[in-house]
Amino acid sequence: MEKITYILGAGFSAPLGLPVTSNFLIKSKDLFFSNPTDYKYFLQVFDTIEKLSISKNYFNTNLNNIEEILSILEMERFLERKKLKPSFIKYIQTVITYYTPKLADQELISGSWHSSIFSKGDKTSTLYAYFIASLLGGMIRKTDITDSGNRFIRTELDYLPPSSVDAKYNIISLNYDLVIEEITQFFSSNLRNGEPFKIIREPKEYSSGSIFLAKLHGSVDSDVIVPPTWAKGLDKQIAQVWSVAKKIIEESNQIRFIGYSLPKTDTYIQYLFKAAIIKSKHLKNIDVICLDPDGSVRKRFDELITFDFYRFANKDVLSYFSGDERKTMINASHVGVSMNNLESVHHAFMEKYA
């Protein structure tokens, strides 16, 4: 069985409306001015950012970029041996949580049931749900029912038989958001009668057999939020997650980047790859799917990766997911949909665009 690792950057979540580094501050101000009373504590953050502006008198500093803001603050806190202020952590958590969309509760479906299983016909959310279901090895069962004389369809998500699953997936995320967790929870709450679907984040449970999600910069549902810069080892919880991420990469047959631009500020991720690859015994390919309007992303990856079996596709995440949806729909039957086509779809996508 193939061991495949997806590495997700900000471009993975951006199509859902989540803020990225370049527009995080703007979106947070939109939120603040929509309700200054509820988000009054944002003023502490804005005041801190304003105080950082003195650095612009001496150095090229972009204080519209949350990544650069956090990096400066992290250096200051490191030298003073302090943690990021609780108000700043709460600010980041609030902004990301607010902009994370929710999947709609399942209703009885009529007509074209394929596009309404997860979110009442919202195509973008449906594409994400299909992708996560594919990683989990899901199978959608369809049941025809009659209600008040009308015929409807009810759906349920189950695990595929082990014999029809040909890959084991893990995820390394550079994002703080809960997109993956909320979709998985939606599956368990709305489409599952048996044991809940599992995506593991606790390092000690890595070998459980479930998909592991390594969140290298922390998560909005915890108090651990670290900037995407150099001081990962300062937080013991984050260090444990990075240790598991290293094991995941070591054991991978295939590595796939989605929406990750390999920013210059996040140099530690490069050292993680280089350290992990020393013990890699059977890596077959490295694929990158990332929108790259000016060629700078590909240049950074080309400079980092010298592996012969490396491919780069200048496409966004929705282009990648749409291919998955098309193949899934082709294989849909009157009984349901088996979510085991991701591998054939992925390689067809890379052959076409890389």
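Basis of the calculations
Residues numbered from 1 in each chain as written. Predicted model: local features only at pLDDT ≥ 70, side-chain atom pairs only at ≥ 80, totals over all residues. Heavy atoms only, no water. Pairing = 2+ DSSP bridges. Helix = DSSP H or I, 4+ residues; strand = E, 2+ residues; numbered from the N terminus. Contact = heavy atoms within 4.5 Å. Axes fitted to C-alpha atoms, helices over the stretch in contact; angles between N-to-C directions. Parallel < 35°, antiparallel > 145°, perpendicular 65-115°, else oblique. Left-handed = near helix turned anticlockwise from the far one by under 90°. Nonpolar A, V, L, I, M, F, W, Y, C, P; charged D, E, K, R; others polar. Core = buried A, V, L, I, M, F, W, Y, C linked by side-chain atoms within 4.5 Å. Buried < 20%, exposed > 50% of the residue type's maximum accessible area, 1.4 Å probe, protein only. Salt bridge = Lys/Arg side-chain N within 4 Å of Asp/Glu carboxyl O. Expected span 1.5 Å × (residues − 1).

Participant: Please set out the sheet that holds strand E6 (residues 211-215) residue by residue, giving values where relevant.
Facilitator: Pairing is parallel in the open sheet, where seven strands are placed in the order E5-E6-E4-E1-E7-E8-E9. Every other strand in the sheet has two partners, leaving strand E5 (199-200) and strand E9 (310-313) as the edge strands with one partner each. Set on the sheet, helix H7 (residues 179-190) makes contact with strand E1 (2-8), strand E4 (167-173), E5 and E6; between it and E6 the angle comes to about 150°. Across the sheet, helix H12 (residues 342-353) touches E1, E4, strand E7 (254-258), strand E8 (285-289) and E9, and the angle it forms with E9 is around 80°.

Participant: Explain the packing of helix H8 (residues 236-251) against helix H9 (residues 268-277) residue by residue, including any values.
Facilitator: Across the interface, H8 lies against H9 with an axial gap of 9 Å and an inter-helix angle of 50°. Here H8 is positioned oblique relative to H9, judged by the angle of their axes. Helix-helix and strand crossings are classified by hand; for H8 and H9 the assignment is right-handed. Along its contact with H8, which presents Trp 242, Ala 245, Lys 246, Ile 249 and Glu 250, the element H9 presents Tyr 268, Ile 269, Leu 272, Phe 273, Ala 275 and Ala 276. Among the residues making up the contact of H8 with H9, the classes are represented as nine nonpolar, no polar and two charged.

Participant: Describe the nonpolar core, with residues and values.
Facilitator: Core analysis: the largest hydrophobic core is formed by 62 residues, its most contacted members being Tyr 6, Phe 12, Tyr 91, Phe 131 and Phe 187. In terms of residue count, the dominant contributor to this core is helix H6 (residues 123-136) (nine residues). Grouped together as the second largest cluster of nonpolar side chains are 35 residues, Trp 242, Val 244, Phe 257 and Ile 269 included.

Participant: Would you mind going over the pattern of salt bridges in detail, with residue names and values included?
Facilitator: Under the defined criterion, the tally for this structure stands at eight salt bridges. Here Lys 215 and Glu 181 are joined by a salt bridge, their closest N and O atoms 2.9 Å apart. Within this pair, whereas Lys 215 is found in strand E6, its partner Glu 181 is found in helix H7, the two being separated by 34 residues in sequence. Of the charged contacts in the structure, one is a salt bridge between Arg 201 and Asp 221, with a shortest N-O distance of 3.0 Å. In this pair, Arg 201 sits in the loop between E5 and E6 while Asp 221 sits in the loop between E6 and H8, placing the two residues 20 residues apart along the sequence. Each member of the salt-bridge network shares a partner with another, and the members are Glu 181, Arg 201, Lys 215 and Asp 221.

Participant: Describe in detail helix H5 (residues 86-99), supporting the description with residues and values.
Facilitator: The end-to-end C-alpha distance of H5, which contains 14 residues, comes to 20 Å, matching closely the 20 Å that a straight helix rising 1.5 Å per residue would cover. H5 sits mainly inside the fold: ten of its 14 residues count as buried. Burial in H5 covers these residues: Ser 87, Phe 88, Ile 89, Tyr 91, Ile 92, Gln 93, Thr 94, Val 95, Ile 96 and Tyr 99.

Participant: Report on the pairing of E7, specifying residues and quantitative values.
Facilitator: Across the five residues that make up E7, a large majority, five, are buried. Neither face of E7 is exposed, since Gln 254, Arg 256 and Ile 258 on one face and Ile 255 and Phe 257 on the opposite face are all buried. Pairing of E1 with E7, which is carried by five bridges, proceeds in the parallel orientation. Of the residues in E7, the one forming a bridge with Ile 7 is Phe 257. Two strands pair when backbone bridges link them, and E7 and E8 are joined in this way by five bridges, in the parallel orientation. Bridged to Phe 257 within E8 is Val 288.

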